[in-house]
Amino acid sequence: IPEYTDLCIDFIKAGIEIIVVDSTSALMPKSFFEDGVLKEFDKTGQIGQFAKELGQSCRMIQGENFSCAMIHISQVRMDLAGFRPGMKASGGKEAGHADSVRIKMLSSKSDDSTIKDKINIGGQLIETQIGRKVKWSVDKNKQNGRYGEEFYSLYFRGDFVGIDRAGEILAF
């Protein structure tokens, strides 16, 4: 996390306008290392170290950042602490307070969200999954207060690969 923070601050000072971090949950705190070498698992245990360092990193970056968009891609985990289980990103509460806009994207492996078509495989037309419907929702917005949710189609196999922009514009 310290190297990530230093790199982000260097990029911001150099005039970079957008930084994408994939994946925030894969960053490792400095307590995992000794003299630049990864420690053994049983010697890394400090509870909350990841959240503490990520929060400190957010504060340091925000102190330097006035013109750069920071995009953090993070896997969510189940939060079983409350009355209703929910999803939360890794990095503790402070990382959640630091973001200005939070967009959540969800998809499922169920047949309801699967997009199928026949494609040519080895000279034969075979019906297979070529894409998936993805639901996105704005869960936090400090910029203009607009919230909403919608679906888009993401194609990853076949003649067209990418997001169905025409379908997205028609749905909008």
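These lines cover the structure that appears in this document, whether it is placed above or below. (Residues numbered from 1 in each chain as written. Predicted model: local features only at pLDDT ≥ 70, side-chain atom pairs only at ≥ 80, totals over all residues. Heavy atoms only, no water.)

Compared with the 16 Å implied by 1.5 Å per residue over twelve residues, the 17 Å span of helix α1 (residues 2–13) between its first and last C-alpha is a close match. Along its buried surface, α1 packs onto β1 (18–22), α2 (49–64) and β4 (69–73). Directly after α1, the chain includes G15, whose backbone phi takes a positive value near 95°. (Helix = DSSP H or I, 4+ residues; strand = E, 2+ residues; numbered from the N terminus. Expected span 1.5 Å × (residues − 1). Contact = heavy atoms within 4.5 Å.)

The final tally for this structure, using the stated rule, is one salt bridge. Where K135 meets E149, a salt bridge forms, and the shortest distance between an N and an O atom there is 3.6 Å. With a gap of 14 residues between them, K135 in strand β9 (residues 124–141) and E149 in strand β10 (residues 148–155) connect regions that are remote in the sequence. (Salt bridge = Lys/Arg side-chain N within 4 Å of Asp/Glu carboxyl O.)

Let us now look at α2. Its 16 residues give α2 an end-to-end C-alpha distance of 23 Å, which sits within 8% of 22 Å, the value for a rise of 1.5 Å per residue. Turning to α2, its buried residues are Q49, F50, E53, L54, G55, S57, C58 and I61. (Buried < 20%, exposed > 50% of the residue type's maximum accessible area, 1.4 Å probe, protein only.)

Here the focus is the packing of α1 against α2. Two elements in contact, α1 and α2, have axes separated by 10 Å at closest approach and are oriented at 10°. If you check the angle between α1 and α2, you find them roughly parallel. Along its contact with α1, which presents P2, Y4, T5, C8, I9, I12 and K13, the element α2 presents E53, S57, M60, I61 and E64. Looking at side-chain class alone, the contact of α1 with α2 contains seven nonpolar, two polar and three charged residues. (Axes fitted to C-alpha atoms, helices over the stretch in contact; angles between N-to-C directions. Parallel < 35°, antiparallel > 145°, perpendicular 65-115°, else oblique. Nonpolar A, V, L, I, M, F, W, Y, C, P; charged D, E, K, R; others polar.)

Another aspect to go through is the pairing of β1. Of the two faces of β1, the one holding I19 and V21 is buried and the one holding I18, V20 and D22 is not buried anywhere. Here β1 runs beside β4; their pairing, made up of five bridges, is parallel. Looking at β4, one finds that V20 is bridged to I71. (Pairing = 2+ DSSP bridges.)

A surface patch of nonpolar side chains, amounting to about 330 Å² of accessible area, comprises I18, V20, I71 and I73. Secondary structure elements with two or more residues in the nonpolar patch: β1 and β4. Considering the arrangement of structural elements, one finds I71 in strand β4. (Patch = residues over 30% accessible without salt bridge, like charges linked within 9 Å, V, L, I, M, F, W, Y side chains within 5 Å. Areas by Shrake-Rupley, 256 points an atom, 1.4 Å probe, with all protein chains shown as cover.)

The biggest cluster of nonpolar side chains holds twelve residues, and these are I1, Y4, C8, I9, I12, I19, V21, L27, F50, L54, I61 and C68. Secondary structure elements with two or more residues in this core: α1, β1 and α2. No other element matches α1, which puts four residues into this core. Leave out the neighbours within four places in its chain, and I12 touches I19, I61, E64, N65 and C68. (Core = buried A, V, L, I, M, F, W, Y, C linked by side-chain atoms within 4.5 Å.)

Take D164: it is sitting in the loop between β11 (162–163) and α4 (165–171). Since its relative accessible area comes to 23%, D164 is described here as partly exposed. Taking the C-alpha atoms as reference points, D164 and S153, separated by eleven residues in sequence, lie 5.6 Å from one another. Beyond its immediate sequence surroundings of up to four residues, D164 is in contact with S153 and Y155.

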